[in-house]
Protein chains: 4
Amino acid sequence: MNVSVIGSTGYTGNELVKIIAKHPYLEISCLTSDNYDGQKYSDIYPPLKNIVETKIISNDWDYVSDKSDIVFLCLPHAASQKAAAFFHSKGKLVVDLSADFRIKSKEIYEKTYNVTHNYPDLLTEAAYGLPEIYGNEIKQSRLIANPGCYPTSVLLAVYPLVKNKFVDEKYIIADCKSGVSGAGKKLTEKTQFCEVSDDFKPYGIFSHRHGPEINAWLNEISADTRVIFTPHLLPIIRGIESTIYCKSDKNENEIRQYLKEFYRDSFFVRIMEKGVTPRIANVSGTNFADIGVFKEEDNLIIVSCIDNLLKGASGQAVQNVNIVMDFDEETGLI
Amino acid sequence: MNVSVIGSTGYTGNELVKIIAKHPYLEISCLTSDNYDGQKYSDIYPPLKNIVETKIISNDWDYVSDKSDIVFLCLPHAASQKAAAFFHSKGKLVVDLSADFRIKSKEIYEKTYNVTHNYPDLLTEAAYGLPEIYGNEIKQSRLIANPGCYPTSVLLAVYPLVKNKFVDEKYIIADCKSGVSGAGKKLTEKTQFCEVSDDFKPYGIFSHRHGPEINAWLNEISADTRVIFTPHLLPIIRGIESTIYCKSDKNENEIRQYLKEFYRDSFFVRIMEKGVTPRIANVSGTNFADIGVFKEEDNLIIVSCIDNLLKGASGQAVQNVNIVMDFDEETGLI
Amino acid sequence: MNVSVIGSTGYTGNELVKIIAKHPYLEISCLTSDNYDGQKYSDIYPPLKNIVETKIISNDWDYVSDKSDIVFLCLPHAASQKAAAFFHSKGKLVVDLSADFRIKSKEIYEKTYNVTHNYPDLLTEAAYGLPEIYGNEIKQSRLIANPGCYPTSVLLAVYPLVKNKFVDEKYIIADCKSGVSGAGKKLTEKTQFCEVSDDFKPYGIFSHRHGPEINAWLNEISADTRVIFTPHLLPIIRGIESTIYCKSDKNENEIRQYLKEFYRDSFFVRIMEKGVTPRIANVSGTNFADIGVFKEEDNLIIVSCIDNLLKGASGQAVQNVNIVMDFDEETGLI
Amino acid sequence: MNVSVIGSTGYTGNELVKIIAKHPYLEISCLTSDNYDGQKYSDIYPPLKNIVETKIISNDWDYVSDKSDIVFLCLPHAASQKAAAFFHSKGKLVVDLSADFRIKSKEIYEKTYNVTHNYPDLLTEAAYGLPEIYGNEIKQSRLIANPGCYPTSVLLAVYPLVKNKFVDEKYIIADCKSGVSGAGKKLTEKTQFCEVSDDFKPYGIFSHRHGPEINAWLNEISADTRVIFTPHLLPIIRGIESTIYCKSDKNENEIRQYLKEFYRDSFFVRIMEKGVTPRIANVSGTNFADIGVFKEEDNLIIVSCIDNLLKGASGQAVQNVNIVMDFDEETGLI
């Protein structure tokens, strides 16, 4: 299949290019970037010298459309809407890594991102690209809204427990920590080395945009659920760890067994055995999500780790394509 | 005053030596270490070359006692008890940086540390060295139990709120993150560079020894309080950040004003203005504790940051000595 | 082919297992370790859960020999000699990642490593596993001495220039910097996080064992060559950067063109264009060696970067196997 | 004395403010910044909350001049010239931390920085602020050109050896590595966390502006000396390590003794004993320069470490003021 990446020079775009280059059934067709138009991709990303020598082109959608079966969108939110609509109208399989189609409710989206959504029909049509939970919707879909990195980490841990009423839905706290690449490649003072190294801090308390995304999907199955979500910035490049606090009257073993059963056919979700604690180092550079279960009295702690650029973004995007295309789910991802 | 440090070559011992060397009213008398007996202190800690040239001696308590007015104990728990009893019996001011006198209840101590406590009377007599809360007890005391690093970070944030019934005492979660120096200088695989760098993980879930210490002191003022405490390992050398989740019916401003009032005379506790988030970088290398308040509906989030080796250990130890000796509290600490 | 790894739980052993698991023509047969005998490999290296579930066995050479076509030795020097001799005598293809067969001269080896070499015949027979330079010897060999990480970085840069008399062989300085994994997995104080992070230092000045290895191979083509080699410890996990100072009367372009020509058929050596500076981030996690050329007056600076665990160890080991087995050189390595 | 800092919110300005706040004889008068005019200094640098509450003002030179005895200039090169001339004309003691007065030769300065120098007389008048070498000139001076960080590290190691003809002046190589703060606070992609962390690279090969500064001062005592200087970027915030390669016919002990004698009265230069290797961790956060000597045959390696923000900038600036003001050299610096 011919694959193009719109906005190919950011962190998620680059991860996509690396994965596609190794994928046996996907061919890189167009790599676009307004900043690097005309340059060789490997001149922008020297690690790929001798591996990806494609020349970067500008965002000429008609040209890209002619050349592509599948289009990955790595554009900022708001900018992504129109591109998604265009390539969707051309019958391409579209995977949007922005936030534009992650939240079904036009109102919540517009309130959260403070922009207008001009494609409410596509909002309804888009599948939420969390394969372990929405695999059937994904299979049928031609427009996939790739989830946020934090929501991927939290929902994989919490969704089954809420769905099965194993936890008190009024009382869920997700204390999440992410590497700096989660902030994207844009130049900011807060991502300068001297601002991040030897430091650690929470940010966006009660206001981070991934909170409404997490709650919107949990509310589909449990209207009253409200997760308190607090992101923190880790002095590492990649990886997310979520420590999630719940109340539950089930015992630890019941919960672990249920999660193992729920993810029985999910290669990329690994439920830890009793006493084993997930860590970012175990999932970094992989598409795995590791989940650990700890219980004392009615207090349940779920630890969930992913690589924010892979299972939290580009790896999951290719996993979604594998599902739609009926490739083995792990093709090109291990 | 003549000051000695028993076990002077670990991380907390070294921080003490650095502080004492700059303190206008304290003189280094004896620096002991069984491993480095006879060597120059600055040969073990080259940053202090030309500043501290004292020769390290073995743990000869009688000799140290003759030479000292004040003795800091930087020994492992259990080992520290006997030394504390000895120097206390000689009428020295003793500041114990181990865990041996932090928990008043012999039973809880023995259960938590799985060793016998042979000095129950001293347990009763010792003051818990958290100056902003127990300043009066410290002022009268000749044996000070210097608090654990995590408990310092959590208690400064939570104690006033529990005392004043500003929060639901049944519902307090402390998600805490610490730099690697908190694990001490002992050689372990889990503190090797390649095991810590680029990683992040929780540890000691439901089982870390600082949990009982935190709850023991809160239970003095509120019997039913139970804090759920989860420590995590940060890929940095020093600093602790605690994100603490509570339920409260007071509004954000009331809580902030109350904390400002509670710490009105506490130079080293800084309550952040609305919207300001504490971070480890702001307290690293200082004796300050920075506390931020965030509220939405009934959800209260308190963020508390300290340097684990200073306010969480050696800085606080000297602060305690300043109080007993009637020096300005900040002497030698800014 | 059935492949076994002797000493599979160190850093280089683990990298080998990861590569073999993805290699289309190699099957993991036996993974040995005296420390973890009987445990599942993925319990020791959780990142490989669901990917490598092989059970670790003890170092039973007869058993391993029956089950293997190819044996990788990841043992300490001195210990490796005997294992190499054993598996070689059984007709297996042996790749030794230790230092035991890297230096042809029994005298220099014994002086450098301060141990006796008991297999002088094998010393003569072994091929030095630097494929871009000794490919022909490797092709014919059944015992391959995988080069040291620093020598790989330095020889790829300097060997062609010395051979072609492009530089003054009396005047070569290699200032090399390595990530911490180069020190191996053994517990040491100098590799503790708090000893390495925020620090940088040279070590083994004039005495590091990779110096004689570098000079031994250069002396094969130029008896008087003496490289001054200084290793430094970087606060990162993996990667080596070498800044190499030479005197040359050739101009920058001649030198660059000659290196491009010399490495024309070497996929894994990338000669940078004018003005492009190699960096560790460009080769980290890959088997590439990036080499940059800078010239002013008669001063030549060559910058050479590799990943010490891949091109400097396990990646190169598999590259050597690919060559002997007539697989494409890059099989399993991109 | 009343002290003002022009451009007080960059890294060197902030270090100056921290030192002055602790200095017993210096009072902060004006802190200027065009970006933060009107804000409290501690709002820009929260670590100084409760310590420095001065309100930042704009660069109103007349006002600053009325209020100050001493003025530190932390401005970009070229911009600094005019400010230095102004405050000098007002009879203030001026310490310029920019490059504008570091190079005596107008021609070399203009060629190196590609700007015009409009104050050639001041160029002649300015003292080069390296106290251990130019203490007498500094003592008499009212305009001090604070040296660059790399030149401080290299000249302290090399100047005495060149002066005393202990080394071949035609053959000196300085391979230097610096933390990221050396690049200053300006937003750049190359100082973003994800670009620096886990990486290491040389930069400015044969072209860095500190090269001409190093050579200009060595040429004052030895016209033919030419140091080859290569800077590298370390993934740490602060600290410089220089590994310097020379040829010498003196033995190691002669060289060490000579350096000890040369720096006999220099508190902040520490010559290591035989076999002791300097490291950044030993000087980080201090004003010390540690120098180690290693010799084999005619090859001499000098290792020199400083903190780029202290001995390499702000610490040395205050050391210079202490000298002019006849305070103890270490006042406020230990």
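Residues numbered from 1 in each chain as written. Chains lettered and ligands numbered in written order. Predicted model: local features only at pLDDT ≥ 70, side-chain atom pairs only at ≥ 80, totals over all residues. Heavy atoms only, no water.

## Considering the overall build of chain A
To be explicit about the condition: Numbered from the N terminus, helices here are DSSP runs of H or I no shorter than four residues, and strands are runs of E no shorter than two. Just to be clear, the radius of gyration here is over C-alpha atoms, and the globule rule we use is 2.2 Å times residues to the power 0.38. Think of it in three bands: with a 1.4 Å probe and only protein chains considered, a residue is buried below 20% of the maximum accessible area for its type, exposed above 50%, and partly exposed in between. Surface exposure here means Shrake-Rupley accessible area, sampled with a 1.4 Å probe, where a residue is shielded only by the protein chains that are shown. Counting rule for charge: Lys and Arg are taken as positive, Asp and Glu as negative, and neither His nor the chain ends is counted. The atoms used to mark charge sites are NZ of Lys, CZ of Arg, CG of Asp and CD of Glu.
From N to C terminus, chain A includes 13 helices and 13 strands. Taking 2.2 N^0.38 as the reference for a compact globule, 334 residues should give roughly 20 Å; the C-alpha atoms of chain A span a radius of gyration of 19 Å, in line with that estimate. Referenced to the eigenvectors of the C-alpha coordinate spread, the extents of chain A come out at roughly 60 × 45 × 40 Å. Of all 334 residues assigned to chain A, the portion counted as buried reaches 64%. Accessible area for chain A stands at about 11500 Å²; split by element, carbon and sulfur atoms hold 46% of it. The centroid of the 36 positive side-chain charges in chain A is displaced by 1 Å from the centroid of its 44 negative side-chain charges.

## Brief notes about the interface of chain A and chain B
Which entries qualify depends on this criterion: Any two residues whose heavy atoms approach within 4.5 Å are treated as being in contact. Put simply, buried area is the surface a 1.4 Å probe can reach on two separate parts but cannot reach once they are joined, added for both. By convention in these notes, a salt bridge is any Lys or Arg side-chain nitrogen within 4 Å of a carboxyl oxygen on Asp or Glu. Here the nonpolar group is Ala, Val, Leu, Ile, Met, Phe, Trp, Tyr, Cys and Pro; Asp, Glu, Lys and Arg are the charged ones; every other residue, Gly included, is treated as polar.
Contacts between chain A and chain B engage 35 residues on the former and 35 residues on the latter. Here chain A meets chain B over a buried area of about 3200 Å², counting both sides, of which 62% is carbon and sulfur. When the buried area of chain A at its contact with chain B is split by residue, Phe200(A), Phe206(A) and Arg279(A) rank highest and sum to 19% of it. Between chain A and chain B we count ten salt bridges in total. In this structure, Asp199(A) and Arg279(B) form a salt bridge, with 2.6 Å as the shortest nitrogen-oxygen distance. When contributions to the side of chain A that touches chain B are tallied by element, the ones reaching two or more residues are β7 (172-178), β8 (201-202), β9 (227-233), β10 (240-247), α12 (280-283), β12 (289-296) and β13 (299-306) of chain A. In terms of residue count, β7(A) provides more of the side of chain A that touches chain B than any other element does, four residues in total. For the side of chain A that touches chain B, the residue count by class is 18 nonpolar, five polar and twelve charged.

## Looking at the relation of the copies chain A and chain B
Applied cut-off: Superposing the copies works by least squares over the C-alpha atoms of residues that have pLDDT at least 70 in both of them.
Between chain A and chain B, which share one sequence, the superposing operator has a rotation angle of 180 degrees and an axial displacement of 0.0 Å; the RMSD is 0.0 Å. Both copies are brought into coincidence by an operation consistent with a two-fold rotation axis. Same-surface contact between copies: 100% of interface residues of chain A are shared with the interface of chain B.

## Notes on unusual backbone geometry
Trans peptide bonds make up most of the peptide bonds, and negative phi angles are found at most residues other than glycine. Even without being a glycine, Asp198(A) presents a positive backbone phi close to 60 degrees. Notably, Ala78(D) is not glycine yet its phi reads approximately 75 degrees, a positive angle. Inspection of the secondary structure puts Ala78(D) in the loop between β3 (70-73) and α4 (79-89). Take Ala78(D): its relative accessible area is 32%, and that puts it in the partly exposed class.

## Overview of the relation of the copies chain D and chain A
Between the two copies of this chain, the relationship is a rotation about some axis together with a displacement along it. Between chain D and chain A, the superposition needs a rotation of 180 degrees and an axial shift of 0.0 Å, giving an RMSD of 0.0 Å. In this assembly, 100% of the residues forming the interface of chain D have copies in chain A that are likewise at the interface, indicating an isologous arrangement.

## Regarding the sheet that holds strand β5 (residues 127-128) of chain D
All names here are of chain D. Heads up, the condition is: By this definition, two strands are paired if DSSP reports at least two bridges between them.
Taken together, the six strands give an open sheet; going across it, the order is β2-β1-β3-β4-β6-β5, and neighbouring strands pair in parallel fashion. Looking at which strands have only one partner, the edges of the open sheet turn out to be β2 (27-32) and β5. Two elements, β5 and strand β6 (residues 143-145), share two bridges in a ladder whose sense is parallel. Paired with Tyr-128 across the bridge in β6 is Ala-145.

## So, the environment of Asp60(B)
All names here are of chain B. Here is the rule: Distance and chemistry together define a polar contact, namely a pair of N or O atoms within 3.5 Å, with one atom able to donate a hydrogen and the other to accept it when in protein, and with adjacent residues in sequence counting only for side-chain atoms on both sides.
Along the chain, the position of Asp-60 falls in the loop between α2 (41-44) and α3 (61-67). A sequence separation of 27 residues divides Asp-60 from Ser-33, and the C-alpha atoms of the two residues are 9.8 Å apart. Polar side-chain contacts of Asp-60 include one of 3.3 Å to the backbone nitrogen of Asp-62. Polar side-chain contacts of Asp-60 include one of 3.0 Å to the backbone nitrogen of Tyr-63.

## Regarding the domain arrangement of chain A
All names here are of chain A. Operational definition: Domain extents, as shown, originate in an automatic or database domain assignment.
Once the domains are mapped, chain A shows domain 1 (2-146 + 313-324) and domain 2 (149-306). Placing the centre of domain 1 and that of domain 2 at their C-alpha centroids yields a distance of 24 Å. Listed per partner, the contact involves 20 residues of domain 1 and 21 residues of domain 2. Summing both sides of the interface, domain 1 and domain 2 together bury roughly 2000 Å²; the carbon and sulfur share of this comes to 59%. Contact with domain 2 buries surface across domain 1, with Tyr-11, Tyr-128 and Glu-132 losing the most and accounting together for 29% of the total. Between the two partners, domain 1 and domain 2, sit two salt bridges. The residue Arg-102 makes a salt bridge to Glu-213 at a minimum N-O spacing of 3.7 Å.

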